[in-house]
Structure formats: C-alpha cells, structure tokens
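Here's the letter readout for the chains.
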Amino acid sequence: METAERKKIIFSAIQPSGTITLGNYLGAWKNCAALQDEYNCIYALADLHAITVRQEPAKFRHNTLEAYALLMACGIDVEKSIFFIQSQVHTHAELAWILNCYTQFGELSRMTQFKDKSAKHPENINAGLFTYPSLMAADILLYQAELVPVGADQKQHLELARNIAERFNGVYSPTFTVPDGYIPKTNARIMSLQDPTRKMSKSDENANAYIAMLDKPDDIMRKFKRAVTDSEACVRYAEGKDGVNNLMGIYSGVTGKSFDEIEKEFEGKGYGDFKTAVGEAVVEHLRPIQERYEQLSKDKAYLERCYRENAEKALAISQRTLRKVMKKIGFVQ
Ligand code: TYM
C-alpha cells in the first residue's frame, strides 16, 4: 500500500446515462487499463450527475450496472484500482454542496455544456444542471487527484475545478491538489457519424450517429457504411474533411496506425473500401471486450461485491479530505 500511495493519483468518471460509446472509449477510457500500473487510479460511475436529465428508473439502474461490467471488461481491474458508483459514496454530494458556496454564478453561467443542455431540454433547466461542475470538482478534489483523463468536451469543467481548488486553498490554506487534465492528442473528440461537426454522443436520438460499445458486428458495419463523408473520394486528413478525419481517427485509435500509414493504405481506393476496413477494425477491437462483458455480466454477485467494497474504499479516502475541509471552514467537529 505504501508504494501505491507514492504513485500519482488519477481520477475519472463517466455518466451511466445511456450506453457507453466508442467516443467515450477512444476519448477517455481506452487507456484506463494501461494507466493502472503506473498510477493510483480511482474511477467512478457518475450516477449523481446523470439525474440532471430525467432518467427512467429501471433503465437507469440497468445502464449503471451495464456500465460497471463494461468498464471492467475494458480493463479496469479492481485489484489495482478503485472503481465505485458515485451515489454510494455520500461525501460527493456533501463536498459538492460546500464547493457550490465557493463557485460563482458567473462561472457556472459560462459553461458551454450547461448552455447546450438547457437548449436541448428547455422544459427542465434544473439547478442541478447548473451546479453540475461543482459536483464534478468535488469528485476530483476529494481524492486529491493529480491527473484527470477526459475527452476535450470536459476541459472547461476541469478548468473550473482547478479554479475552485485554487480559490479554496487561497481562502484557507493548501487543502486540495490542483488537478491537471490528461487529454489525448488524437481522438479527444470523436464526432457523430451522421453529422461530423458534432461530437458523438450517447444521448443522440439517431442511433446511426454513434457506435455503442455493445453494438453487434452487423450494426457496426452498417453504421460505418452509412457514415457521412464528402465527395472528394480521397482518404486524407485535411481541413474541411470532418467525416473522413473522424473515421481516420477512429481507425488509428483501434489499429494503432498513423495517419500517414492510413493515407498510404487507401491510396487509389474509394470510401467504400475505407469504411469497410474501419468497421471491421472496430468490430475486431471490440470483440474481446464484448466477450469479457458477456461473462462478467452473468456474475451479478461478483459485480455487487466489487462495487460495494470499492465504495467503502472510496469513502475512507474521501472522508479524509472532507473532514479537513469542514474543519478549515469552521464546522463544529
Ligand atoms: P461523459 O459521461 O459525458 O463522458 C465520459 C468521458 O468520455 C469523454 N467523451 C468523449 N471523448 C471523445 N469524443 C467524444 N465524442 C466523447 N464523448 C464523451 C468525456 O470527455 C469523458 O471523459 N462530467 C463527465 C463525467 C464526470 C467526470 C467527473 C469526469 C463526472 N465527474 C470527474 C472526470 C472527472 C461527463 O459527463 O462525461
């Protein structure tokens, strides 16, 4: 344990608000397994975040358990890392309230995700949607995380978490580690297959726009064949070729090939061949993950033991930070 504590701390989370997509995977979770040896990794399912949008109870429960098994299938190893469900660790909601009081209305108003989601759900612009970034800051700061692997869309929230940490440290004394982002150089923003100017999102109404990690091979092939490209019919990475750039990023992400290698491979070939190759590479990459998921998801008792024990571990660590924070503020001990 002592050596484990000297490793840098990584924290990341994902909302179980729908099915996990290839965008989530390539942007943030593909490396979750590889990071576990070098870092002290703490991962969570951010289910408290997910209720900022209405969730149907049975589906929500199902999605949360599915995401737990699926991320284990992607390589999270609970012998090496802590992997828990956010709502089972009460310190998150508690610190979030406290941090709300150290976060400015103006800061939250500038969050693009808040603006986007309120435009999308004008009938439910709730206070939770607005204060969501302080809960995310609490998630990260409770564990004194140094690095936070996320896709590019979470960069603004992460900046805010840094500002909140610095502000609190300045008002009192050093309390929180100020976290850095760990954003991949390529694939930090996987785009929709139907509208490559928008990010791939699990809440997209059009299922052809995203690849779900548990999609069947036929569906994956069909979605790639229908992917929007352009009329140039040349596989090359260039400005304005959003659809092709995106497919090249995905192909590179699952095969490890560079963009130069990909351009050479498809020289003189059309988009039909290219899309088939991307689809097949994704199917092959996902196959072992899907097989592990099938096995794991059958063992409900094992999964339950894992998330319960891991919630206890997360509670023990996060309580240390919460107690420190409450003492500094002046709450009666
Ligand atoms: P969420 O659930 O929307 O997404 C999970 C992770 O996937 C990344 N991601 C993408 N990356 C590349 N291309 C895409 N199209 C794409 N879509 C999503 C996200 O950047 C993210 O890393 N607020 C967070 C969850 C969260 C969190 C945290 C993350 C809650 N607390 C603390 C880090 C630390 C979210 O909604 O991610």
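Residues numbered from 1 in each chain as written. Predicted model: local features only at pLDDT ≥ 70, side-chain atom pairs only at ≥ 80, totals over all residues. Heavy atoms only, no water.

- Within an unreviewed UniProt entry, the label attached to the chain reads Tryptophan--tRNA ligase, and the organism entered is Candidatus Gallacutalibacter pullicola.
- The Function (unreviewed entry) comment attached to the chain in UniProt states, word for word, "Catalyzes the attachment of tryptophan to tRNA(Trp)."
- The chain has a UniProt comment under Catalytic activity (unreviewed entry) that states "tRNA(Trp) + L-tryptophan + ATP = L-tryptophyl-tRNA(Trp) + AMP + diphosphate + H(+)". (UniProt positions renumbered as here; feature names shortened; annotations may be inferred.)

**Re the packing of helix α8 (residues 112–120) against helix α9 (residues 127–142)**
- Closest axis-to-axis distance for the α8/α9 pair is 10 Å, and the angle between their directions is 160°. Judged by the angle between their axes, α8 and α9 are roughly antiparallel. Handedness of the crossing formed by α8 with α9: right-handed. Across the interface between the two elements, Q113, F114, K117 and S118 of α8 pack against L129, F130 and Y132 of α9. (Axes fitted to C-alpha atoms, helices over the stretch in contact; angles between N-to-C directions. Helix = DSSP H or I, 4+ residues; strand = E, 2+ residues; numbered from the N terminus. Parallel < 35°, antiparallel > 145°, perpendicular 65-115°, else oblique. Left-handed = near helix turned anticlockwise from the far one by under 90°. Contact = heavy atoms within 4.5 Å.)

**Here's the deal with the site of the ligand**
- Near the ligand lie 28 residues; those nearest to it are Q15, Y132, D139, D153 and I190.
- Measuring from an oxygen atom of the ligand, one finds a side-chain N or O atom of Q15 at 2.7 Å.
- Within the contact set of the ligand, a nitrogen atom lies 3.1 Å away from a side-chain nitrogen or oxygen of Q154.
- Considering the ligand on its own, with 710 Å² of exposed area, one finds that the protein chains cover 97% of that surface.
- Contributions of two or more residues to the shell around the ligand are made by β1 (9–14), α2 (22–29) and α9.
- Taken together, the residues of the shell around the ligand sort by class into 14 nonpolar, nine polar and five charged. (Near = heavy atom within 4 Å. Polar contact = N/O pair within 3.5 Å; in protein donor to acceptor, adjacent residues only side chain to side chain. Areas by Shrake-Rupley, 256 points an atom, 1.4 Å probe, with all protein chains shown as cover. Nonpolar A, V, L, I, M, F, W, Y, C, P; charged D, E, K, R; others polar.)

**Here's the deal with the side chain of Q36**
- Summarising the element assignment, Q36 is placed in helix α3 (residues 32–38).
- According to the relative accessible area criterion, Q36 is buried, its value standing at 3%. (Buried < 20%, exposed > 50% of the residue type's maximum accessible area, 1.4 Å probe, protein only.)

**A look at the pairing of β1**
- With five of its six residues buried, β1 lies for the most part within the structure.
- As defined by bridge partners, β1 adjoins strand β2 (residues 40–45) across six bridges and the pair is classed as parallel. Looking at β2, one finds that S12 is bridged to Y43. (Pairing = 2+ DSSP bridges.)

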